[in-house]
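Residues per chain are reported as follows:
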Amino acid sequence: MTNTVDTTGGGGAEARAERAATQRRWLIVAAVHLGAIALWEALVRLFDIPAFVLPAPSGIVTTLGKSSYDWTGNTLVTATEIFGGYVLSVVVGVALALGFSWSRPLSLLVFPLLVTLNMIPKVALGPLVIVWFSYGIGTNILITFLLCFFPILLTTVRGLKEVEPDLLDLVRSLKGSRWQAFRYIQLPGALPYLFSGMKVAAILAVAGAVVGEFIASERGLGYLMIQVQASLDTPAMFMAVVLLTLLGLGLYLAVLVAEHLFLPRDARMT
């Protein structure tokens, strides 16, 4: 009589336990948010707070049915500015970080200048960008790019520098090209840093789009907030904030999904 050992069940059980733990965390997060909304609704009704001071969540949601706000059109404009500026910052940030890792003179000449330029408050720079490029979606994409660009560049540069020198020497000894060294050695090692910068930039992207729309714009959720502020339409202002928050959450969750797809759990920085 022989005994057999199941070598396949352990991994499956561990994966199921991890999925169950993840589901519990998401359920807790959802419950906390729903509880906060319910408490907000109850307090507004209990103390009879005027809607222009603090509207109830139910009153905020009712503004979605009013066509005069054009929620769909304004949300699409702001989403275009957020995602357009964000994608541009990722592309340019990674490309420049790669250039700095390949060329030390380029890094010495350009990187300190970029650090200095990043010290300029973007809110102060916004009116100048409007003067130079007029206003519109393209200009707001540019403002979003300026706000998101540096965190991605900084973290990617650091990640590319953290690669083991021995691995790069090995690639050179095997007559590997710079592109091969980047693709197979530097990029995998820099991905945790890149995703860390992308998470920070995802939070800043919404602020960049709203700054542009606050300064000068004809469309977008930020523009709508300025318009309804004059009439003390607080529920509509809150609804715009909610939609902006959802856009930011959508972008952040997209980054998290990409991180889970491209990085093993042990390699994630957060």
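Since we're looking at a predicted model, the values are computed, not measured.

### Some points on the overall build of the protein
Then step 1. Helix and strand content of the protein: 10 helices and 0 strands.
Then step 2. Burial statistics for the protein: of 270 residues in total, 37% are counted as buried.
Then step 3. Taking all contacts inside the protein whose residues are at least 6 apart in sequence as the whole, residues at least 24 apart take part in 74%.
Then step 4. Per element, the accessible surface of the protein, about 16,200 Å² overall, is 69% carbon and sulfur.

### Let's talk about the nonpolar core
Most often, soluble globular proteins have nonpolar side chains that are buried together.
Then step 1. Within the largest apolar cluster, 33 residues are counted, with the highest numbers of intra-cluster contacts made by Trp71, Ile82, Tyr86 and Met198.
Then step 2. Within the residue set of this core, elements represented by two or more residues are α3 (71-102), α6 (137-161), α8 (178-215), α9 (221-229) and α10 (234-262).
Then step 3. The element that contributes the greatest number of residues to this core is α8, accounting for 10 residues.

### Re the pattern of salt bridges
Then step 1. Applying the stated criterion to the full structure yields 2 salt bridges.
Then step 2. The partner of Arg45 in a salt bridge is Glu41, with the nearest N and O atoms 2.6 Å apart. A residue pair is termed a helical-turn pair when its members lie 3 or 4 positions apart in one helix, as Arg45 and Glu41 do in helix α1 (residues 9-47) at 4 residues.
Then step 3. Residues Lys199 and Glu259 are paired through a salt bridge, measuring 2.9 Å at the closest nitrogen-oxygen approach. Here the residue Lys199 occupies a position in helix α8, and Glu259 occupies one in helix α10, the gap between them amounting to 60 residues.

### Details of unusual backbone geometry
Then step 1. Unusually for a residue other than glycine, Asp70 sits at a positive phi of about 50°.
Then step 2. Within the secondary structure layout, Asp70 lies in the loop between α2 (57-62) and α3.
Then step 3. According to the relative accessible area criterion, Asp70 is partly exposed, its value standing at 43%.
Then step 4. Phi is positive for Leu232, close to 55°, though the residue is something other than glycine.
Then step 5. Its location among the elements puts Leu232 in the loop between α9 and α10.
Then step 6. When its relative accessible area of 53% is taken as the criterion, Leu232 is described as exposed.

### With respect to the side chain of Thr155
Then step 1. Along the polypeptide, Thr155 turns up in helix α6.
Then step 2. With a relative accessible area of 19%, Thr155 lands in the buried category.
Then step 3. Polar side-chain contacts of Thr155 include one of 2.9 Å to the backbone oxygen of Pro151.
Then step 4. Ignoring any residue separated from it by four or fewer positions in sequence, one finds Thr155 in contact with Tyr193, Leu194 and Gly197.

### Focus: the packing of aromatic side chains
Then step 1. By the definition in use, this model includes 5 aromatic pairs.
Then step 2. With 5.3 Å between their ring centres and 40° between their planes, Tyr69 and Trp71 make a pair best called tilted.
Then step 3. Given a relative accessible area of 7%, Trp71 falls into the buried group.
Then step 4. One aromatic cluster is present, formed by Phe100, Phe111 and Phe150 through successive ring pairs.

### Remarks on the UniProt feature "transmembrane region" (unreviewed entry) in the protein
Then step 1. Under the UniProt annotation, "transmembrane region" (unreviewed entry) lies at residues 26-47, 83-102, 109-135, 141-160, 193-216 and 236-263.
Then step 2. Measuring from the first to the last C-alpha atom of residues 141-160 gives 27 Å, for a span that is 100% helix and 0% strand.
Then step 3. This span, residues 193-216, is 96% helix and 0% strand, and a straight line between its end C-alpha atoms measures 35 Å.

### Describing the environment of Asn140
Then step 1. Looking at the element boundaries, Asn140 is found in helix α6.
Then step 2. Distance from Asn140 to Ile130, taken between C-alpha atoms, is 8.7 Å for residues 10 residues apart in sequence.
Then step 3. In contact with Asn140, other than residues within four places in its own chain, are Glu81, Gly212, Glu213, Ala216 and Ser217.

### Quick notes on the packing of α3 against helix α4 (residues 104-118)
Then step 1. It is at 6 Å that the axes of α3 and α4 come closest, and there the two elements cross at 135°. As judged from the angle between their axes, α3 and α4 are oblique. Only Arg104, Leu106, Ser107, Val110, Phe111 and Leu114 of α4 make contact with α3, whose side of the interface consists of Leu96, Gly99, Phe100 and Trp102.

### A look at the side chain of Glu41
Then step 1. With relative accessibility at 16%, the residue Glu41 sits in the buried group.
Then step 2. Polar contacts involving the side chain of Glu41 include one to the side chain of Arg45, which spans 2.6 Å.
Then step 3. A polar contact is formed between the side chain of Glu41 and the side chain of Ser58, at a distance of 2.8 Å.
Then step 4. Apart from residues lying up to four places away in sequence, Glu41 is in contact with Ala56, Pro57 and Ser58.

Criteria and cut-off values
Residues numbered from 1 in each chain as written. Predicted model: local features only at pLDDT ≥ 70, side-chain atom pairs only at ≥ 80, totals over all residues. Heavy atoms only, no water. Helix = DSSP H or I, 4+ residues; strand = E, 2+ residues; numbered from the N terminus. Buried < 20%, exposed > 50% of the residue type's maximum accessible area, 1.4 Å probe, protein only. Contact = heavy atoms within 4.5 Å. Areas by Shrake-Rupley, 256 points an atom, 1.4 Å probe, with all protein chains shown as cover. Core = buried A, V, L, I, M, F, W, Y, C linked by side-chain atoms within 4.5 Å. Salt bridge = Lys/Arg side-chain N within 4 Å of Asp/Glu carboxyl O. Polar contact = N/O pair within 3.5 Å; in protein donor to acceptor, adjacent residues only side chain to side chain. Phe/Tyr/Trp six-rings, centres within 6.5 Å; stacked < 30°, edge-to-face > 60°. UniProt positions renumbered as here; feature names shortened; annotations may be inferred. Axes fitted to C-alpha atoms, helices over the stretch in contact; angles between N-to-C directions. Parallel < 35°, antiparallel > 145°, perpendicular 65-115°, else oblique.

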